[in-house]
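Here is what each chain is made of, one letter per residue.
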Amino acid sequence: MSRTRITVITPKGLSLRAYLRDIRDYYQLLWAFTYRNLRSRYAQTAIGIAWAVINPLLTLIILGFVFGKIAKMDTLGYDPFLFTVVGLSAWTYFSTVVTWAGQSVVNAQSMIQKIYFPRILLPVSVSIAGLLDLLITLMILLVVFLFHQQVPSSNITYFPLFLIMAVLLGSISGIWVSALGIRYRDFHHLIPFILRIGLYASPVAYALQSVDPEYWIFFLINPITGVLEGFRWCFFGGVFPITAISISLIWIVLLLIGGLFYFNHSEKTMADII
Amino acid sequence: MKHAIEVENLGKQYRIAEHKEGTLRGTLRNFSPIGRKKKKAFWALQDVRFHVKEGEVLGIIGPNGSGKSTLLKLLSKITVPTTGKIRIKGRVNTLLEVGTGFHPELTGHENIFLNGSILGMTRQEIRSKYDEIVSFAEVEKFLDTPVKHYSSGMYVRLAFSVAAHLNPDILIVDEVLSVGDADFRKKSLLKMERDIRQGRTVLFVSHQMETIERLCDRVMLLREGKIQHIGGAAEVTELYLESVYRQQTDAFSEPEFRKGSGQYRFRSLVLLDKNDQVTSIMNAGDQATFRVTIEGRGKDIDGANVHLLIKSNAEQVVLACVSRMQIDPHQQFNTNTVFECRFDRLPLNAGPYHVELVGYDNHGVADQVTGALDFKVQPGLYYSLGNLPMHTFHVLSDYRWKIR
């Protein structure tokens, strides 16, 4: 060790700088938690990791069928099934991460009372673990595209950027939800409700352009809109949804900064409240 | 900074709030001037100041609830203090229990890496210590088996072994040396001693005065959240033991004011571990013996039936051990008789307990001592997977689940 580190502990807890330093020191724990999430989720099931394929496949087919073939919303002339399925892939990732991350801290309570580590790693590891499901979903998507004898637009090369955006938004929402859920248990009831409404209130199964511009404001203040529009732009092309994406990015920056402060603040007493 | 650890004016206050705390409604109410309710506050730790020199081993002792665990939690950043300041030089590792974060579905190999990372080791460190960890735990053959299939012994050996191979500047340890079977305990203690001799700074909480005296340079005695004394190991442990005995005899003093006919009186009650050492702390599933001494009025006792009632914190009797079930109560007993009630495996969940003694003779109640003994049970290997049920379920039992 080159320089001996001095840690100062006061009633104020860690400064944001010290907190970020701890996160850096413990980054390997992030992988350990991610691995634990993935392994424990599929351990002991008869077909193991195959569930990671079956689960999204069935969800996509059923919801895609309901929204794309029965409800037949305005999808700007693209194949309604494909259109819905792309939106659903992003939405499913987001809602899974928020649900799991919300419980991640509460579930780790025995650990939290016995040892220190930056607690923020718990929700973040959930969003990274969820990435596996999302990637599998995307594989399925490509197969579905081929099955419909279509190819994604050339914008698909930009897709990794939107993937990063999705993971960031997932992580940040997870951070907020888990911190709020510790302080206010009410959030554990509120979250499933919000997610259920969100499936309809966000442009998952329909295009933003098909909505009367009068109501756009409701969609644009929704941080997930940019991700959904971005995903679809990659697969179908069309006009680059600059407004939705910029607003999502602004949300991400604001929520990230606020979330770090809030989580660090609530981390001080997490072991006492849990 | 001169010392490895410097603590000034440290205090931790907990609020015992009504259940509304932590709900949206509670917070909303706290904003309104009408609904605000007073919370009871109590100081788990107050006005604590001390320092630890580099390479020094400081023991921390004190009765249950004296603030030992709170102090360790503050030092290890698990929670923040209410007042004061701690300064620590170097890397700290805390060991409040073994096997933190172990996942039953993961293999031994995977759990070594997972648990090691949680304890703050890097992958490289774990890899370099891997063989040592495995051979110390004696689980070479089972590395690819999920730990839920481990015997309880193997499980704690592996868990302890990971923890024992930490390499921090400062190590904070809470009573974790008492895991595993006797051989393994001896081995862990030796390893701990060897590490300490290498000049590591250690803070060490234990109820075993013998271990404390052997390992520690200085000892701190905590009582009701304050430092009562800090000094040489022998001096402070003696001070502590004296007060423990004094407290014990207090409950048995003044028998003339107690209930009952007084045909015989309880003289003492002690809890013994499997080496017949007096103790006030046990692990769930350990061998435990309650030794009750009764004394007649200078002549033989005409009939005796001892009820040893183990009560939870909520004054609920969780176990009643009635001597009449095994010893004929109608016989004559020597004027000084020792009753022993032994559990091969103490069937109590982790938590604090106290014991009430009620003595009957052939006519009715002869004597009664309400606060005869306080003791604490720590998590132990009662069930094969090493877990215990929720703490509100006090009694453990030898049932067997199986899948047919």
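Below is a short write-up of the structure. All values derive from a computational prediction rather than experimental measurement.

## Thoughts on the overall build of chain A
Turning to step 1, where the next piece is worked out: Helix and strand counts for chain A come out as 12 helices and one strand.
Turning to step 2, where the next piece is worked out: On the principal axes, the C-alpha backbone points of chain A span a range of 60 × 50 × 40 Å.
Turning to step 3, where the next piece is worked out: The 274 residues of chain A split such that 52% are buried.
Turning to step 4, where the next piece is worked out: Total accessible area on chain A is roughly 13100 Å²; 69% of this is exposed by carbon and sulfur atoms.

## As for the overall build of chain B
Turning to step 1, where the next piece is worked out: Each helix and strand in chain B was counted, giving eight helices and 19 strands.
Turning to step 2, where the next piece is worked out: Taking 404 residues into account, the globule formula puts the C-alpha radius of gyration at 22 Å, and chain B, at 24 Å, falls close to it.
Turning to step 3, where the next piece is worked out: Over its C-alpha atoms, taken along the principal directions, chain B stretches across nearly 70 × 60 × 50 Å.
Turning to step 4, where the next piece is worked out: In chain B, buried positions account for 52% of the 404 residues.
Turning to step 5, where the next piece is worked out: A sequence separation of at least 24 residues applies to 70% of the contacts in chain B between residues at least 6 apart.
Turning to step 6, where the next piece is worked out: Surface exposure of chain B reaches about 19800 Å², of which carbon and sulfur atoms provide 50%.

## Brief notes about the pattern of salt bridges
Residue and element names in this part refer to chain A.
Turning to step 1, where the next piece is worked out: In total, this model carries 24 salt bridges over all chains according to the counting rule given.
Turning to step 2, where the next piece is worked out: Close ionic contact of Asp-25 with Arg-5 constitutes a salt bridge, the shortest N to O distance being 2.6 Å. Of this pair, Asp-25 sits in helix 1 (residues 16-25) while Arg-5 sits in the segment before strand 1 (6-9); the two residues are 20 residues apart in sequence, bridging distant segments of the chain.
Turning to step 3, where the next piece is worked out: Arg-5 sits in the partly exposed class, given a relative accessible area of 29%.

## A short note on a negative patch on the surface
Residue and element names in this part refer to chain B.
Turning to step 1, where the next piece is worked out: Among the surface-exposed residues, Glu-210, Glu-213, Glu-235, Glu-238 and Glu-242 lie close enough to one another that they form a single negatively charged patch.
Turning to step 2, where the next piece is worked out: If you list the elements that add at least two residues to the negative patch, you get helix 7 (209-215) and helix 8 (233-252).
Turning to step 3, where the next piece is worked out: In terms of residue count, helix 8 provides more of the negative patch than any other element does, three residues in total.
Turning to step 4, where the next piece is worked out: Mapped onto the fold, Glu-242 is located in helix 8.

## What about the layout of surface pockets?
Turning to step 1, where the next piece is worked out: Approximately 740 Å³ is the volume found for the second largest pocket.
Turning to step 2, where the next piece is worked out: Arg-5, Asp-25 and Tyr-26 of chain A together with Arg-91 and Gly-120 of chain B are, among the 33 residues lining the second largest pocket, the residues nearest its centre.
Turning to step 3, where the next piece is worked out: If you list the elements that add at least two residues to the lining of the second largest pocket, you get strand 1, helix 1 and helix 2 (27-42) of chain A together with strand 5 (92-95), helix 3 (108-118) and helix 4 (123-137) of chain B.
Turning to step 4, where the next piece is worked out: A total of four residues in the lining of the second largest pocket trace back to one element, the largest contributor, which is helix 1 of chain A.
Turning to step 5, where the next piece is worked out: Taken together, the residues of the lining of the second largest pocket sort by class into 13 nonpolar, 11 polar and nine charged.

## Side note on the packing of aromatic side chains
The relative placement of two aromatic rings is captured by the distance of their centres and the angle of their planes.
Turning to step 1, where the next piece is worked out: By the definition in use, this model includes 30 aromatic pairs over all chains.
Turning to step 2, where the next piece is worked out: With a centroid separation of 4.8 Å and 70° between ring planes, the pair formed by Phe-159 of chain A and Phe-231 of chain A is classed as edge-to-face. Of the two residues, Phe-159 of chain A sits in helix 7 (residues 159-183) while Phe-231 of chain A sits in helix 10 (residues 224-236), which places them 72 residues apart along the sequence.
Turning to step 3, where the next piece is worked out: On the basis of relative accessible area, Phe-159 of chain A is assigned to the buried category, the value being 8%.
Turning to step 4, where the next piece is worked out: The class for Phe-231 of chain A is buried, based on a relative accessible area of 0%.
Turning to step 5, where the next piece is worked out: Aromatic side chains Tyr-264 of chain B and Phe-266 of chain B sit 6.2 Å apart centroid to centroid with 90° between the ring planes, which places their arrangement in the edge-to-face category. Each of the two residues, Tyr-264 of chain B as well as Phe-266 of chain B, counts as buried.
Turning to step 6, where the next piece is worked out: Among the aromatic side chains, those forming a connected cluster through ring pairs are Tyr-78, Phe-83, Phe-145, Phe-159, Phe-231, Phe-235 and Phe-236 of chain A.
Turning to step 7, where the next piece is worked out: Stacked on the ring of Tyr-382 of chain B, the Lys or Arg Arg-345 of chain B has its end atom at 4.3 Å from the ring centre.

## A closer look at the interface of chain B and chain A
Turning to step 1, where the next piece is worked out: The partner chain A presents 37 residues to the 49 residues of chain B that form the contact.
Turning to step 2, where the next piece is worked out: In total, chain B and chain A occlude about 3600 Å² of area from one another, counting both sides; carbon and sulfur atoms represent 61% of this.
Turning to step 3, where the next piece is worked out: The largest share of the area that chain B buries against chain A comes from Lys-77, Ile-78 and Ile-118 of chain B, three residues that together contribute 18% of it.
Turning to step 4, where the next piece is worked out: In this structure, the connection of chain B to chain A is made through three salt bridges.
Turning to step 5, where the next piece is worked out: Glu-110 of chain B is the partner of Arg-39 of chain A in a salt bridge, and the nearest nitrogen-oxygen pair spans 2.8 Å.
Turning to step 6, where the next piece is worked out: In this structure, the connection of chain B to chain A is made through 11 residue pairs in polar contact (both at pLDDT 80 or more).
Turning to step 7, where the next piece is worked out: Listed by contribution, the elements that provide at least two residues to the side of chain B that touches chain A are strand 1 (5-16), helix 1 (24-31), helix 2 (68-75), strand 4 (83-89), helix 3 and helix 4 of chain B.
Turning to step 8, where the next piece is worked out: Broken down by element, the residue count for the side of chain B that touches chain A peaks at seven residues, all from strand 4 of chain B.

## Details of helix 11 (residues 242-267) of chain A
Turning to step 1, where the next piece is worked out: When the terminal C-alpha atoms of helix 11 of chain A are compared, their 36 Å separation across 26 residues agrees well with the 38 Å that a helix rising 1.5 Å per residue should span.
Turning to step 2, where the next piece is worked out: Those residues of helix 11 of chain A that fall on the buried side of the exposure criterion are Ala-244, Ile-245, Ser-248, Ile-252, Gly-259, Leu-260, Phe-263, Asn-264, Ser-266 and Glu-267 of chain A.

## Side note on a nonpolar patch on the surface
All names here are of chain A.
Turning to step 1, where the next piece is worked out: Together, Leu-57, Leu-58, Ile-61, Ile-62, Phe-65, Val-66 and Ile-70 make up an exposed nonpolar region whose accessible area comes to about 630 Å².
Turning to step 2, where the next piece is worked out: Turning to its location among the elements, Leu-57 is positioned in helix 3 (residues 51-71).
Turning to step 3, where the next piece is worked out: On the accessibility criterion, Leu-57 (32% relative accessible area) is partly exposed.

## Looking at the sheet that holds strand 5 of chain B
Residues and elements named next belong to chain B.
Turning to step 1, where the next piece is worked out: On the basis of which strands lie adjacent, the open sheet formed by six strands has the order 5-6-7-3-8-9 and mixed pairing. For this open sheet the edge positions go to strand 5 and strand 9 (226-232), each flanked by a neighbour on one side alone. Put simply, the sheet's adjacent strands are angled 15° from each other on average, direction ignored.
Turning to step 2, where the next piece is worked out: Strand direction decides the pairing type here: strand 3 (residues 57-61) and strand 7 (residues 201-205), joined by four bridges, are parallel. Residue pairing across strands places Ile-60 opposite Val-205, the latter belonging to strand 7.

## Some details on the sheet that holds strand 19 (residues 365-378) of chain B
Residues and elements named next belong to chain B.
Turning to step 1, where the next piece is worked out: Spatial ordering of the open sheet is given by 11-19-18-14-15, a layout of five strands whose pairing is mixed. The strands lining the two open edges of the sheet, one partner per strand, are strand 11 (281-283) and strand 15 (317-322). Recorded for the sheet is a direction-independent mean angle of 30° between the axes of neighbouring strands.
Turning to step 2, where the next piece is worked out: Alignment of strand 14 (residues 305-311) against strand 18 (residues 351-360), held across seven bridges, turns out to be antiparallel. Note on strand 18: the bridge partner recorded for Ile-310 is Val-355.

## Regarding empty space enclosed by the protein
Turning to step 1, where the next piece is worked out: Inspection of every chain in the model, using the stated rule, returns five cavities of 30 Å³ or more.
Turning to step 2, where the next piece is worked out: By volume, the largest cavity is sized at about 140 Å³.
Turning to step 3, where the next piece is worked out: What lines the largest cavity is a set of 13 residues, among which Gly-13, Leu-14 and Tyr-116 of chain A together with Lys-77 and Val-80 of chain B lie closest to the centre.
Turning to step 4, where the next piece is worked out: Of the residues in the lining of the largest cavity, the class split is six nonpolar, four polar and three charged.

Each value, and the rule that gives it
Residues numbered from 1 in each chain as written. Chains lettered and ligands numbered in written order. Predicted model: local features only at pLDDT ≥ 70, side-chain atom pairs only at ≥ 80, totals over all residues. Heavy atoms only, no water. Helix = DSSP H or I, 4+ residues; strand = E, 2+ residues; numbered from the N terminus. Buried < 20%, exposed > 50% of the residue type's maximum accessible area, 1.4 Å probe, protein only. Areas by Shrake-Rupley, 256 points an atom, 1.4 Å probe, with all protein chains shown as cover. Rg over C-alpha atoms; globule rule 2.2 N^0.38 Å. Contact = heavy atoms within 4.5 Å. Salt bridge = Lys/Arg side-chain N within 4 Å of Asp/Glu carboxyl O. Patch = residues over 30% accessible without salt bridge, like charges linked within 9 Å, V, L, I, M, F, W, Y side chains within 5 Å. Lys, Arg positive; Asp, Glu negative; His and termini not counted. Charge placed at Lys NZ, Arg CZ, Asp CG, Glu CD. 1 Å grid on protein atoms, 1.4 Å probe; cavity = no way out; pocket = protein on both sides within 12 Å on 5 of 7 lines; lining within 4 Å. Points joined across faces, edges and corners; volume = space filled by probe spheres on them. Nonpolar A, V, L, I, M, F, W, Y, C, P; charged D, E, K, R; others polar. Phe/Tyr/Trp six-rings, centres within 6.5 Å; stacked < 30°, edge-to-face > 60°. Lys NZ or Arg CZ within 6 Å of the ring centre and 35° of its normal. Buried area = accessible area lost by both parts, 1.4 Å probe. Polar contact = N/O pair within 3.5 Å; in protein donor to acceptor, adjacent residues only side chain to side chain. Expected span 1.5 Å × (residues − 1). Pairing = 2+ DSSP bridges. Axes fitted to C-alpha atoms, helices over the stretch in contact; angles between N-to-C directions.

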